[in-house]
Amino acid sequence: MDTLPRGPSVGVFLRPVGNPTPLGFLGLAVGTMVLAAMQLGWIPIGESSDVALVMVGFVFPLQLVAMIFAFLARDGAAAEGVGLVAGGWFVIGLVMLTSIPGSTSDTLGIFLLTVGLLLLGPALASAPTKTVAAAVFFGASIRFALTGVYELTASGAWESVAGIAGLVLFAIALYAGLSLTLADSRQGDGPLPLGRAEGGYPVGSDPIEQVAREPGVRPLL
């Protein structure tokens, strides 16, 4: 006779998803590099519409895909961070396409300062277990904030500072994207340090059982 207690059943469907963050970080690297090149005078200001097309046609779609699959992989911090960055590049591209080359916008400046502030959330959330990802989001926060200050002040000095910050972010995002790609290809730790710590479920727990209590499955988020 079956004497085991019976409760409400929970159906959980597990769908393996590849790590989307390398795509998001490499897209970020392209976006910040191209914008930095224009801010530092390496790209003529007359080509601002071409820079805008790179943001809208290349950077934003890559990061949008990365955000969607990060949510599907149940990595909320990465999805939030990549999504904020994707929206930032998209708006920058649209404003550049519809503005006079070389002009600045107070609206864009306030928007970028706000995005930079919001990026501190996923940066802080990632810091305890994913150091490299946290560095990318912290770098993106500073990069967007400095660009916002330039948009508000129209100062050439702030534009140069924002461009230099963009180059630093390019190096961080490139390292993060490549190191994660190499680690995924080896199904473990790659040759480049990632600063990832073990995290997740309590010792001795069943990960499959814990899924039923996670956001998106449990009744209250």
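These figures come from a predicted structure and were not determined experimentally. (Residues numbered from 1 in each chain as written. Predicted model: local features only at pLDDT ≥ 70, side-chain atom pairs only at ≥ 80, totals over all residues. Heavy atoms only, no water.)

Here we look at the overall build of the protein chain
Put simply, the rule reads: Per the convention used, a helix needs a DSSP run of H or I reaching at least four residues, while a strand needs a run of E reaching at least two, with both numbered from the N terminus. Partly exposed describes any residue whose relative accessible area lies between the buried limit of under 20% and the exposed limit of over 50%, with all areas from a 1.4 Å probe on protein chains only and scaled to the type maximum. Two residues form a contact once any of their heavy atoms are found within 4.5 Å.
Tallying secondary structure elements over the protein chain gives eight helices and zero strands in all. For the protein chain, buried positions account for 36% of its 221 residues. Contacts in the protein chain between residues at least 24 apart in sequence constitute 70% of all its contacts with a sequence separation of at least 6.

Here we look at unusual backbone geometry
For Arg-74, which is not a glycine, the phi torsion comes out positive at approximately 60°. Mapped onto the elements of the fold, Arg-74 is located in the loop between helix H2 (48-72) and helix H3 (76-98). Among the residues examined, Arg-74 registers a relative accessible area of 46% and is labelled partly exposed. In this model, Ala-154 sits at a positive phi of 55°, which is unusual for a non-glycine residue. Its location among the elements puts Ala-154 in the loop between helix H6 (131-153) and helix H7 (156-185).

Side note on the packing of helix H1 (residues 21-39) against H3
This is how the line gets drawn: Axis lines are fitted to C-alpha atoms, over the contacting stretch for helices. Their N-to-C directions set the angle, which ranges from 0 to 180 degrees. Less than a right angle of anticlockwise turn of the near helix away from the far helix marks a crossing as left-handed, whereas a clockwise turn marks it as right-handed.
Orientation of H1 relative to H3, taken along the N-to-C sense of each, is 30°, at an axis distance of 11 Å. In this structure, H1 crosses over H3, and the sense of that crossing is left-handed. Contact residues: Thr-21, Gly-24, Leu-28, Gly-31, Thr-32, Leu-35 and Met-38 in H1; Ala-78, Val-82, Val-85, Trp-89, Ile-92 and Met-96 in H3.

A word on H2
The α-helix winds at 3.6 residues per turn, so residues separated by three or four positions along the chain end up facing the same way. Filter applied, for reference: Take the number of residues in a helix, subtract one, and multiply by 1.5 Å to get its expected span. At every residue, the bend is computed as the angle between two fitted axes, covering the seven residues ending there and the seven beginning there respectively.
Taking 1.5 Å per residue as the helical rise, H2 with its 25 residues ought to reach 36 Å, and the 35 Å between its terminal C-alpha atoms agrees with that figure. Of all the bends in H2, the greatest, near 35°, is centred on Val-59, and the proline Pro-61 appears no more than four residues after it. When we look at burial in H2, the residues that qualify are Ser-48, Val-51, Ala-52, Met-55, Val-59, Phe-60, Gln-63, Ala-66 and Ala-70. Buried residues along H2 sit against H1 and H3. Just beyond H2, the residue with positive phi is Arg-74, at close to 60°.

Topic: the nonpolar core
Formally: Residues enter a nonpolar core if they are buried and are Ala, Val, Leu, Ile, Met, Phe, Trp, Tyr or Cys, with the set joined through side-chain atoms within 4.5 Å.
Among the nonpolar cores identified, the biggest contains 31 residues, and Trp-89, Ile-92 and Phe-144 are the most heavily contacted of them. Elements supplying a minimum of two residues to this core: H1, H2, H3, helix H4 (106-118), H6 and H7. Non-local contacts of Ile-92, meaning those with residues more than four positions away in its chain, are made with Leu-35, Leu-108, Leu-112 and Phe-144.

Quick notes on the packing of aromatic side chains
Stated precisely, the cut-off is as follows: Stacked, edge-to-face and tilted labels apply to pairs of Phe, Tyr and Trp rings (six-membered ring for Trp) whose centres lie within 6.5 Å, assigned for plane angles under 30 degrees, over 60, and everything in between, in that order.
Applying the stated criterion across every chain yields a total of three aromatic pairs. Ring centres of Phe-25 and Phe-137 lie 5.8 Å apart, and the angle between their planes is 70°; this geometry places the pair in the edge-to-face category. Remark: Phe-137 occurs in helix H6 and Phe-25 occurs in helix H1; sequence separation between them is 112 residues. Here Phe-25 matches Phe-137 in class, with each residue buried. Judged by centre distance (5.0 Å) and plane angle (50°), the rings of Trp-89 and Phe-144 are tilted. Here Trp-89 is found in helix H3, whereas its partner Phe-144 is found in helix H6, with 55 residues between them in sequence. By the burial criterion, Trp-89 is buried, and Phe-144 matches it.

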